2 protein chains.
Amino acid sequence: MPSYTPPTRDTRFILQDLLRLDEYSNLPVFSAVDNDLIDTIIDEAGKFCAEVIAPLNPVADKEGCTWHEDGRVTTPTGFREAYAQYCEAGWGTLALPEEYGGQGMPHILATVFEEYLNSACHGFHMFPGLTHGAVSAILEKGTEEQKATYLPRLVAGEWLGTMALTEPHCGTDLGLIRTRAVPQDDGSYSITGTKIFISGGEQDLTENIVHLVLAKTPDAPEGSRGISLFIVPKFLVKEDGSLGERNPVTCGSIEEKMGLHGSATCVMNFDEAKGWIVGEENKGLAAMFIMMNAARLSCGNQGLGQASLAYQNAATYALDRRQGRASGERPDPSEAADPIIVHADVRRMLMDARGFIEGFRALTLWCALQLDLAHGAETEEERNTADALVSFLTPVLKGFGTDRGFYTAVNMQQVLGGHGYVTEWGLEQCVRDARVAMIYEGANGVQAMDLAGRKLARDGGQVAETYFTLIERECDAADASLGFITEPLSEAVQDLRDSAQWLVKNAGADPNNLGAGSFAFMQLVGIVSIGLMWLRIASVAQAKLAAGEGDQAFYEAKLAVAHHYARRGLAEVPMLKRQVQAGAETLMALPAEAFEITV
Amino acid sequence: MPSYTPPTRDTRFILQDLLRLDEYSNLPVFSAVDNDLIDTIIDEAGKFCAEVIAPLNPVADKEGCTWHEDGRVTTPTGFREAYAQYCEAGWGTLALPEEYGGQGMPHILATVFEEYLNSACHGFHMFPGLTHGAVSAILEKGTEEQKATYLPRLVAGEWLGTMALTEPHCGTDLGLIRTRAVPQDDGSYSITGTKIFISGGEQDLTENIVHLVLAKTPDAPEGSRGISLFIVPKFLVKEDGSLGERNPVTCGSIEEKMGLHGSATCVMNFDEAKGWIVGEENKGLAAMFIMMNAARLSCGNQGLGQASLAYQNAATYALDRRQGRASGERPDPSEAADPIIVHADVRRMLMDARGFIEGFRALTLWCALQLDLAHGAETEEERNTADALVSFLTPVLKGFGTDRGFYTAVNMQQVLGGHGYVTEWGLEQCVRDARVAMIYEGANGVQAMDLAGRKLARDGGQVAETYFTLIERECDAADASLGFITEPLSEAVQDLRDSAQWLVKNAGADPNNLGAGSFAFMQLVGIVSIGLMWLRIASVAQAKLAAGEGDQAFYEAKLAVAHHYARRGLAEVPMLKRQVQAGAETLMALPAEAFEITV
């Protein structure tokens, strides 16, 4: 069974040294946040996840969820008790509005907790994980009555929310949905249809479940302009807030799947279920994106959480397992073999992992801060700048973060050799669990198109250019001693800019050029963004080392990983630029039927 | 459940058009091989694998093997019957020596069958898969008596062989093994110890199992110079060839693992079991490598088989599943959505897969031909040249082939979106099954060191240089119309040569430089080798198109994939060169204890 130690030291470094959250206390959302509070939250979050949640992870995988003939779904042993403790301690309420019982903390602190929770038990996190999106959608688009009815219970975790979008014949292309919503005389709608892949569609953790369901009204326009969003509770809620009649929304089965067995992936049948519209008719897609964006940011954190868990266990193994001898000086010549940490190729995998994990953690938390600033910064300009950055980077966090999180887990599994493939050590579960985050909430190819099409090309690359300039300015402003990273990073930004400009320019000639280069472009943005984080980390670490402050070994390790990332991580850039600029020609050359040739 | 159609058209193209096997009929091993025979073998191999073996694959995954308290292991439903048919049809005997009941066909034809078998059910293939190695070891190092006793039964498939090398504390570093072999008065040895990860260590397919076991004699030297190889049959064989007493070698348990559930991965306890030495005392490692090299070549074919299976199912899905609309012209504007094959990013994954699969199939079969030539070419020089090439490329086929096979399966799973993650469609099984081949028979990092250290650096890069020159000459000799691939391939070879020279030159200054660059170097050799295959394929396809011969759509597809590979596949080369030349510095900078910092 894998062990999990929350990386509190690194989180503290990012929040306190790198992002200097204490400097934001002028903003209302940060008014209560000082370094003491940060310490307390980090420590308690770590403790809760390590002690209460992490032991569930192997159980979740082995037992999975169970579907019963009567449509009930039971969660793995221990989930109910852990969920009660989660609610009791208020972990779900951290960044939710005080008005509805939340703690009103900044989003960035909830993001820290969420990473730990993902590492500890990704499957468990799936149940409360989607509720924030549901809360946001109701908060922004719901009526006062809806807010009063649902938000306090969702915030408290008494009820949980779902996102019921996908249908058997449509996932990405929600314009194709067939679930119907027929208006009733009482202002409600009668919802009928089948939804699949609904995480937490049914469970035994809460007395009620609040489904947020996409459906079409009878005379809705074709396609995605004809979609509306509905609240469909499992149990209808009486005027006094108590639970009434059972709504005919039932779980038909749960999926057998590669991993994430702790999460119930449900087929949900809506059979003239009673629902209430959220916002206006045919404006459901916008409301859905409120949920979806929250879910996408959260996904990147899942990639990070799995990578972090996998790294820790691989590093422990590499320090312990003795095979072969060091190429250079041996640590202890009296031993027949050395720990495999002496081997350069084992270190390659571990150092690559650190380059991603520590850099991506900084990126995730920096973006979370931007989200807080997008809502709470003093001036509209600051809010807009932060919002544009979050919007631009959301597909990158989701797509790049979950890809690299998975591949990092695969590499960490490799460090364990055969022991990585057997169940006992837990690494193979990491890989299986991490895999899904590349697929759900919009497959990573869809993220890439969101980035290249919607986020880049639609404004002719302006938001992107602002971001590239920011990176260049930081490179230019950095101390000469940081040249080891500012030089390759400056080159990388130029390659990134060339790639962005190529996409914008060539999208007109053949719109497939966007799709053809989108995936490589997403990787590029991710790699350069992590490069920016390593520049900042190296800068802080160098200052701390120069001042002789704090844990010197910690800062020295930061500098070493920064060097590694500068030399090896950024080496991917020229390839990705070439792949962006390779265009659509070779991709679209074959007629569709040529793919029927069996190879 | 995934469907499997053997790629007989492509195999035929490679054997008949590309490698022109009919031109080798002057050699004894090819004397019976004409295009009719090739056609028959390909078709029958495909038929057998598709009809008899492929239906076992989902059953193998779901049921797995079962360990019983008495040490018996039963295989999944259908395995016994299928194995009987496999033996009956003589599929295991294709390339084995006629002297012992084999068909004496060239290795290349067995390689074709093996690929299909891996696609159809990798788990099933594990049982007969290791027998060829056992046969080779006994054939080369065994006594006449051992040959007479074991080879006819192994060749016929009446008995199966295993490779019992790994122990709980040692996998890669076989010098550490603790299993003891004490000489007995009758010339046998008494073997005691525990072996783990023994594929097919116990099963219900054959009446006897022939374990080839590494152990140390009492006064053996330390390390790998003190290892001997022993034959330890499950049942002792009487003089008349019938089975005698049960040898105390028992299966203590089987591993729960990520995938490949159809294969029993056994803990084997040898408790004063009777064994007979193969070859000389303390020369076991050389004998082991005879088995190991066969197994490594076979592994690459597993990566290929999984990738091929995954591609077929992803392509079928992409042609059928409708989501979104084409960026350019729509295939059928009356439909609400287009098949996802219209999307450039979906095609990117499919075309990348084809670049690997078709190119690597050609590479695998070309190497198999070299193996045949290494044994059967007319002159010693030809035999040596072929042997050197196989030896150089063996770690590449294993390491690069299984890595890319796995990543291809992951990408194909991605094409299916959520349907790729659920069990029903079979793609997630591909991914889980394919993963192990990167680990066993020497983890891919070990392959990379074998390539960079043993195969490249030890002779100062001479064999490598011969290979690079061969590729350059083919680029130079190619028709100008092939410039689309000869130009980037020539550049790539130069980058590869620079990388090889860098490694050879810098191994002295810091031996860790070899390990640090080895993995990227292995990828480089793989990518360039596939590039060479695509140059050859494109050349043949162009000639066929010019002549108006054969299936024009097939050759056009070949050319299109060659273009794709030239533009996008070879784009990885500059990155890999940078990573090779990045050296060991950033990898070895941190003290071991810095990896204890929790991230």
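Residues numbered from 1 in each chain as written. Chains lettered and ligands numbered in written order. Predicted model: local features only at pLDDT ≥ 70, side-chain atom pairs only at ≥ 80, totals over all residues. Heavy atoms only, no water.

On to the packing of helix α15 (residues 483-509) of chain A against helix α18 (residues 573-581) of chain A. When two helices pack together, their arrangement is given by the angle between their axes and by how far apart the axes lie. All names here are of chain A. Two numbers describe how α15 lies on α18: the axes approach to 9 Å, and their chain directions differ by 10°. The angle between α15 and α18 places the two elements in the roughly parallel class. Here Ala 492, Asp 495, Asp 498, Ser 499, Trp 502 and Leu 503 of α15 lie close against α18, whose contacting residues are Val 573, Lys 577, Val 580 and Gln 581. Class assignment of the residues belonging to the contact of α15 with α18 gives a composition of 5 nonpolar, 2 polar and 3 charged. (Axes fitted to C-alpha atoms, helices over the stretch in contact; angles between N-to-C directions. Helix = DSSP H or I, 4+ residues; strand = E, 2+ residues; numbered from the N terminus. Parallel < 35°, antiparallel > 145°, perpendicular 65-115°, else oblique. Contact = heavy atoms within 4.5 Å. Nonpolar A, V, L, I, M, F, W, Y, C, P; charged D, E, K, R; others polar.)

Mapping chain B onto chain A calls for a rotation angle of 180° and an axial translation of 0.0 Å; the resulting RMSD is 0.0 Å. A rotation of that kind, with that shift, is consistent with a two-fold axis. Rotation axis and chain B: the residue whose C-alpha lies nearest the axis is B:Met575, separated from it by 3.0 Å. (Least-squares fit on C-alpha atoms with pLDDT ≥ 70 in both.)

Our focus in this paragraph is the pairing of strand β11 (residues 265-278) of chain A. Residue and element names in this part refer to chain A. Both strand β5 (residues 189-199) and β11 contribute to a ladder of 9 bridges, which runs antiparallel. When the bridges of β11 are listed, Ser 199 appears paired with Thr 265. In terms of strand pairing, strand β10 (residues 249-254) meets β11 through 5 bridges, oriented antiparallel. By the bridge assignment, Thr 250 is partnered in β11 with Asn 269. (Pairing = 2+ DSSP bridges.)

Counting 360 residues, the largest nonpolar core has A:Leu350 and B:Leu350 as the members making the most contacts within it. Once you skip the residues sitting within four places of it in the chain, B:Leu350 turns out to touch A:Phe595, B:Tyr311, B:Ala314, B:Ala315, B:Ala318, B:Ile341, B:Met412 and B:Val415. Residues B:Leu154, B:Leu165, B:Val210 and B:Ala287 belong to the second largest nonpolar core, which totals 32 residues. (Core = buried A, V, L, I, M, F, W, Y, C linked by side-chain atoms within 4.5 Å. Buried < 20%, exposed > 50% of the residue type's maximum accessible area, 1.4 Å probe, protein only.)

Quick look at the side chain of A:Glu202 now. If you trace the backbone, A:Glu202 turns up in the loop between β5 and β6 (208-215). At 2.6 Å, the side chain of A:Glu202 and the side chain of A:Lys234 are in polar contact. (Polar contact = N/O pair within 3.5 Å; in protein donor to acceptor, adjacent residues only side chain to side chain.)

Another point: the interface of chain B and chain A. Counting from both sides, the interface comprises 106 residues of chain B and, opposite them, 106 residues of chain A. Taken together, both faces of the contact between chain B and chain A bury some 9,100 Å²; the carbon and sulfur share is 60%. Considering only the side of chain B, the residues that lose the most area to chain A are B:Tyr421, B:Phe595 and B:Val599, jointly responsible for 11% of the buried surface there. Linking chain B to chain A there are 4 salt bridges. Linking A:Arg567 and B:Glu585 is a salt bridge whose minimum nitrogen-to-oxygen distance equals 2.9 Å. Of the residues forming the side of chain B that touches chain A, the biggest block, 10 residues, is contributed by helix α9 (residues 344-376) of chain B. Looking at the side of chain B that touches chain A residue by residue, the classes come out as 52 nonpolar, 30 polar and 24 charged. (Buried area = accessible area lost by both parts, 1.4 Å probe. Salt bridge = Lys/Arg side-chain N within 4 Å of Asp/Glu carboxyl O.)

Turning our attention to the UniProt feature "domain: Acyl-CoA oxidase/dehydrogenase middle" (unreviewed entry) in chain A. This chain's UniProt record puts "domain: Acyl-CoA oxidase/dehydrogenase middle" (unreviewed entry) on residues 163-272 of chain A. Annotated as 0% helix and 47% strand, the span residues 163-272 of chain A places its first and last C-alpha atoms 18 Å apart. (UniProt positions renumbered as here; feature names shortened; annotations may be inferred.)

What follows covers the pattern of salt bridges. Residues and elements named next belong to chain A. In the structure shown here, the tally under the stated rule is 66 salt bridges over all chains. Ionic pairing is found between Lys 455 and Asp 450, a salt bridge with its closest N-O pair at 3.0 Å. Judged by relative accessible area, which is 16%, Lys 455 ranks as buried. Put simply, Asp 10, Glu 115, Arg 354, Glu 358, Arg 361 and Lys 558 are held in one network by salt bridges that share partners.

Before going further, it helps to spend a moment on the packing of aromatic side chains. For the structure shown, the criterion picks out 45 aromatic pairs over all chains. Measuring from centroid to centroid gives 5.6 Å for A:Tyr24 and A:Phe30, while their planes differ by 35°, and the two rings are tilted. Grouping aromatic residues by their ring pairs yields a cluster made of A:Phe48, A:Phe79, A:Tyr83, A:Tyr86, A:Trp91, A:Phe113, A:Phe124 and A:Phe127. Seen from the ring of B:Phe406, B:Arg435 lies directly overhead, with NZ or CZ sitting 5.6 Å from the centre. (Phe/Tyr/Trp six-rings, centres within 6.5 Å; stacked < 30°, edge-to-face > 60°. Lys NZ or Arg CZ within 6 Å of the ring centre and 35° of its normal.)

What follows concerns helix α7 (residues 144-156) of chain B. All names here are of chain B. If you check α7, its first and last C-alpha atoms are 18 Å apart, about what 13 residues at 1.5 Å a residue would give, namely 18 Å. The principal kink in α7, of about 35°, is found at Tyr 150, preceding the proline Pro 152 by one to four residues. For α7, the full list of buried residues reads Gln 146, Lys 147, Tyr 150, Leu 151, Arg 153, Leu 154 and Val 155. On its buried side, α7 packs onto α6 (131-141), β3 (159-164), β6 (208-215), β7 (228-233), β8 (235-237) and β11 (265-278). Looking one or two residues beyond α7, the residue adopting positive phi is Gly 157, at roughly 85°. (Expected span 1.5 Å × (residues − 1). Bend = angle between axes of the 7 residues up to and from the residue.)

As recorded in UniProt, the sites labelled "domain: Acetyl-CoA dehydrogenase-like C-terminal" (unreviewed entry) are residues 471-591 of chain A. When the span residues 471-591 of chain A is considered, its composition is 83% helix and 0% strand, and the gap between its end C-alpha atoms is 42 Å.

Turning to the pairing of β6(A), a few remarks are in order. Residue and element names in this part refer to chain A. Counting buried positions along β6 yields 8 of 8 residues, so the element is predominantly enclosed. In β6, alternate side chains face the same way, and those of Asn 208, Val 210, Leu 212 and Leu 214 on one face and Ile 209, His 211, Val 213 and Ala 215 on the other are all buried. When β6 meets strand β7 (residues 228-233), the two strands line up antiparallel, connected through 6 bridges. Opposite Leu 214, over in β7, you have Leu 229 as the bridge partner.

Looking now at helix α10 (residues 380-415) of chain A. Here α10(A) contains 36 residues, and its C-alpha end-to-end distance of 49 Å stays within 8% of the 52 Å for a straight helix at 1.5 Å per residue. Where α10(A) bends most, the angle comes to about 35°, and this point is A:Leu393, followed within four residues by the proline A:Pro395.

Glancing now at unusual backbone geometry. Backbone geometry at A:Glu441 places phi at a positive 55°, although glycine is not the residue there. Turning to its location among the elements, A:Glu441 is positioned in the loop between α12 (427-435) and α13 (444-456). Its identity as a non-glycine residue notwithstanding, B:Leu260 has a phi of 50°, on the positive side. Tracing the backbone shows B:Leu260 in the loop between β10 (249-254) and β11. In this structure B:Leu260 comes out as buried when scored by relative accessible area, which is 2%.

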